[in-house]
Amino acid sequence: MLDQLQALADRYDKLSELLCDPDVTSDTKRLREYSKEQSDLQEAYDAYMEYKTVLEQYDAAKQMQQEKLDDEMKELVKMELEELSTRKEELEAKLHVLMMPKDPNDDKNVIVEIRGAAGGDEAALFAGDLYRMYTKYADAQGWRTEVLDANLNDLGGFKEIVFQVNGKGAYSKLKFESGAHRVQRVPVTESGGRIHTSTSTVVVMPEMEEFDIEIKDSDIRVDTFCSSGAGGQSVNTTKSAVRVTHVPTGIVATCQDGKSQNDNKVKALQVLRARIFDMKRQEEEAKYAGERKNKIGTGDRSERIRTYNFPQSRVTDHRIGLTLHKLDMVLNGDMDEIVNALTLAAQTDSLDIKEEV
């Protein structure tokens, strides 16, 4: 691993030189590529530089320990060695994780789709709860959210909502949210006070740039229509809403929340690229699903990943067996404990597979 870390450090230093080269600074594309590459290496580079410093200090302290010292100095050297040893182990563990293969999409923005599934109006209301949970979590991370398309029901919930989350690392933290989310509570529409179970589905997709997923103009059909509100009623008389159909795959993307027809078309194409990429990714993962453990699930749309139980104020993630008794906090965007546990499980799973191979 040390050879890999040194190679990483050499590349980081080389990038620093390139970013000062006039030929690079005048080339926007190369400047962006090199800046991003160096940014991706930054955390591992900083940890490795600290690790080298700690090793040097540790070796110097060990050397000092061999010299003739008075009792007070011996105790000070011993304490320093203990501190340096602890920090050395912490950095080794951190570097081990940082040097693991990284999902190339981790730093991308994401497009999230939430749909009310089983449970009618209650499922739509729960979809609204999930939307608020994710937007509050995004706010806490310093990310920006933007609604791309929404279909409300008469009670203020969402039959479907599609929104974008912009911020570094958005996909790395939200990618495990895809799947069926189950809620157990007394519905506002239920007069008998009985607990009902409803579900909403979540799909999280990395945003794709035009050069990531190429869509030919000849492969799409663009339709325009009037924007609609709750219950499907028209809310304006201009055809500003846009529906884009990718003819080869049949995938459809709609956007009606933009300021203009052109704005809606651009956003619909963003969603379309993400859905095409997600379809291809699902197909690839299906081929290898039987060959890997994948403790945190496949992201399959029908897979029940989490239960939100209101009577017990309980949230349970079924993939990793995590249960938290702080439902209100989670629904208010306090998702760090869940996100961190899922990330750790994925990293552990990756290490297990690597060791087996």
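Residues numbered from 1 in each chain as written. Predicted model: local features only at pLDDT ≥ 70, side-chain atom pairs only at ≥ 80, totals over all residues. Heavy atoms only, no water.

Named according to an unreviewed UniProt entry, the chain is Peptide chain release factor 1 originating from Paenibacillus chartarius. Per UniProt, the comment on the chain under Function (unreviewed entry) is "Peptide chain release factor 1 directs the termination of translation in response to the peptide chain termination codons UAG and UAA." (UniProt positions renumbered as here; feature names shortened; annotations may be inferred.)

The next thing to look at is the overall build of the chain. Scanning the chain from terminus to terminus reveals 9 helices and 11 strands. Counting contacts in the chain only where the partners sit at least 6 residues apart, residues at least 24 apart contribute 61% of the total. As displayed, the chain has an accessible area near 19,300 Å², and 49% of this comes from carbon and sulfur atoms. (Helix = DSSP H or I, 4+ residues; strand = E, 2+ residues; numbered from the N terminus. Contact = heavy atoms within 4.5 Å. Areas by Shrake-Rupley, 256 points an atom, 1.4 Å probe, with all protein chains shown as cover.)

Attention now goes to the pattern of salt bridges. Tallying each qualifying case throughout the model produces 24 salt bridges. What emerges from the salt-bridge pattern is a single network uniting Glu113, Arg115, Glu160 and Arg275. (Salt bridge = Lys/Arg side-chain N within 4 Å of Asp/Glu carboxyl O.)

Read from one edge to the other, the open sheet built from 8 strands follows the order 2-3-1-5-4-9-10-11, with strand pairing classed as mixed. Because the sheet does not close on itself, it has two edges, and the strands there are strand 2 (144-152) and strand 11 (322-324). Pairwise comparison of adjacent strand axes, ignoring direction, gives a mean angle of 15° for this sheet. The sheet contact formed by strand 1 (residues 110-116) and strand 3 (residues 158-166) spans 6 bridges and is antiparallel. Residue pairing across strands places Glu113 opposite Val162, the latter belonging to strand 3. This element, helix 5 (residues 121-141), spans strand 1, strand 2, strand 3, strand 4 (179-185), strand 5 (196-206) and strand 9 (304-309) of the sheet and lies at about 110° to strand 4. (Pairing = 2+ DSSP bridges. Axes fitted to C-alpha atoms, helices over the stretch in contact; angles between N-to-C directions.)

Okay, the pairing of strand 9 next. Extensive coverage of strand 9 is indicated by the burial of 5 of its 6 residues. Bridge count between strand 4 and strand 9: 5 bridges; the pairing is parallel. Its bridge partner lying in strand 9, Val183 is registered against Tyr308. Alignment of strand 9 against strand 10 (residues 314-317), held across 4 bridges, turns out to be antiparallel. Following the sheet pairing, Arg306 is matched in strand 10 by Asp317. Between strand 9 and strand 10, which pair antiparallel and follow one another directly, the connecting turn spans 4 residues, one of which, Ser313, has a positive phi of 50°. (Buried < 20%, exposed > 50% of the residue type's maximum accessible area, 1.4 Å probe, protein only.)

We now examine the sheet that holds strand 7 (residues 241-246). Paired through backbone hydrogen bonds, the strands of a sheet run either parallel or antiparallel to each other. If you trace the 3 strands from one edge of the open sheet to the other, you get 6-7-8, paired in antiparallel fashion. In this open sheet, the two strands that pair with only one neighbour each are strand 6 (220-225) and strand 8 (251-255). Each strand of the sheet is rotated relative to its neighbour by a mean of 15°, with strand direction disregarded. In this sheet, strand 8 lies alongside strand 7 in antiparallel orientation, the contact comprising 5 bridges.

The next point concerns the environment of Lys173. By secondary structure assignment, the location of Lys173 is in helix 6 (residues 170-174). Judged by relative accessible area, which is 27%, Lys173 ranks as partly exposed. Sequence spacing of Lys173 and Val339 is 166 residues, and the spatial spacing of their C-alpha atoms is 6.2 Å. Once residues lying within four places of it in the same chain are set aside, the contact partners of Lys173 are Tyr137, Gln141, Trp143 and Val339.

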